[in-house]
Amino acid sequence: MAQHNEIEFEKEIAEYLAAHGWLYSPSGTGYDKERALFPEDVLGWLADTQPDQLAKVVKPGSKDLAKQQGQLLDRIVKVLDTQLDNGGGTLNLLRKGFSHLSAKLAMCVFRPESTLNPKRNADYAAVRLRVMRQVYFSTADNRSVDLVFFVNGLPVATAELKTDFTQTVADAITQYRTSRLPKDPATGKPQPLFTSGKRALVHFAVSNDEVWMTTRLAGEKTHFLPFNRGTETGGAGNPLNPTGSRTSYLWE
């Protein structure tokens, strides 16, 4: 019953986002857990917005197409894994883009301040936001995280969900502290999705009643902060929602 309720909660969030312009993957199919990327959206974004630059490093019709694509993705991984103060990490890549051989490529376009530049407006409209359910993140086994949110194939947030019929938000926090870590605690193998600043930037523990968040996973030392709105009387938590979960503001 607990698993069934969580699945319905996942579907509610994902289907809401899908109805409001997000791409929706009902499973983790296509996720590259070694690189912690969704390659289809990375390559699709670049092809849609910068085909000339992309063609410099991924030659259309080449017999080495898959190899060239892999080299491009590996270059992105190298940038992501670079220390943040040296220009690496997810935010720097989204803001500044990257170079690969002779190409200079942007990984995102943020909302333009005006509508005077048609190309920039079109690129902004082409940004791929994706929600993916049950993402198998571990390089050691088949553990999955409930939801991952991507921008142009780069993971920017994760969420573990608990329904208040069966568990509490504290159970989701415990999951993050014990098994959603930059390195698998049993094998020491990397789990790059959870490396601070270098893949997902924030991790949400979500129940029907409360949301808590952290930007750095460090085992039992992980510090979660409330991401709630407060109640009508000024207390902690969230106000009643007559049409659904108290936490629906998070995805709406």
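Before reading on, note that the structure itself is shown above.
Let me begin by describing the structure that accompanies this report.

Reading the values: rules and limits
Residues numbered from 1 in each chain as written. Predicted model: local features only at pLDDT ≥ 70, side-chain atom pairs only at ≥ 80, totals over all residues. Heavy atoms only, no water. Helix = DSSP H or I, 4+ residues; strand = E, 2+ residues; numbered from the N terminus. Rg over C-alpha atoms; globule rule 2.2 N^0.38 Å. Buried < 20%, exposed > 50% of the residue type's maximum accessible area, 1.4 Å probe, protein only. Areas by Shrake-Rupley, 256 points an atom, 1.4 Å probe, with all protein chains shown as cover. Lys, Arg positive; Asp, Glu negative; His and termini not counted. Charge placed at Lys NZ, Arg CZ, Asp CG, Glu CD. Salt bridge = Lys/Arg side-chain N within 4 Å of Asp/Glu carboxyl O. 1 Å grid on protein atoms, 1.4 Å probe; cavity = no way out; pocket = protein on both sides within 12 Å on 5 of 7 lines; lining within 4 Å. Points joined across faces, edges and corners; volume = space filled by probe spheres on them. Nonpolar A, V, L, I, M, F, W, Y, C, P; charged D, E, K, R; others polar. Phe/Tyr/Trp six-rings, centres within 6.5 Å; stacked < 30°, edge-to-face > 60°.

**Re the overall build of the chain**
In terms of helices and strands, the chain carries seven helices and nine strands. Scaling as 2.2 N^0.38, a compact globule of 252 residues should have a C-alpha radius of gyration of about 18 Å, and the chain matches this with 19 Å. Each of the three principal axes of the chain carries a C-alpha extent, and together these read 55 × 50 × 35 Å. A total of 252 residues make up the chain; the buried ones form 47% of that total. As displayed, the chain has an accessible area near 12800 Å², and 53% of this comes from carbon and sulfur atoms. Side-chain charges in the chain split into 30 positive and 28 negative, and the spacing between the mean points of these groups amounts to 10 Å.

**Some remarks on unusual backbone geometry**
Phi is mostly negative for residues that are not glycine, and the peptide bonds are mostly trans. At Gln134, a position not held by glycine, the phi torsion is positive, near 50°. In the Ramachandran plot, Asn152 falls in the positive-phi region, its phi being about 50° despite a non-glycine side chain. Within the secondary structure layout, Asn152 lies in the loop between strand 5 (144–151) and strand 6 (154–162). Taking relative accessible area as the criterion, Asn152 reaches 0% and is therefore assigned buried.

**Some thoughts on the pattern of salt bridges**
Inspection of the entire model under this criterion finds 13 salt bridges. Residues Asp74 and Arg35 are paired through a salt bridge, measuring 2.9 Å at the closest nitrogen-oxygen approach. Taken together, the residues Asp74 in helix 4 (residues 65–81) and Arg35 in the loop between strand 1 (23–25) and helix 2 (39–49) connect sequence positions 39 residues apart. Counted as one network, the salt bridges with shared partners bring together Asp41, Asp48, Arg128 and Arg130.

**Some thoughts on the layout of surface pockets**
As a volume, the largest pocket reaches approximately 190 Å³. Around the largest pocket, the lining residues are Ile13, Leu17, Trp22, Leu147, Phe149, Ala157, Ala159, Leu161, Phe204, Val206, Leu250 and Trp251. Of all the secondary-structure elements, those providing two or more residues to the lining of the largest pocket are helix 1 (2–18), strand 5, strand 6 and strand 7 (202–207). Ranked by residue count, the leading element in the lining of the largest pocket is strand 6, at three residues. Its residues assigned to classes, the lining of the largest pocket comprises 12 nonpolar, no polar and no charged.

**Re the packing of aromatic side chains**
Each aromatic ring pair is specified by the distance between its two centres and by the angle formed by the two planes. All chains considered together, the criterion is met by seven aromatic pairs. Pairing Phe38 with Phe150 gives two aromatic rings, centres 6.1 Å apart and planes at 50°, and the pair type is tilted. Of the two residues, Phe38 sits in the loop between strand 1 and helix 2 while Phe150 sits in strand 5, which places them 112 residues apart along the sequence. Comparing Phe38 with Phe150 shows no difference in burial state: the two are buried. A connected cluster of aromatic rings, assembled from ring pairs, spans Tyr31, Phe38 and Phe150.

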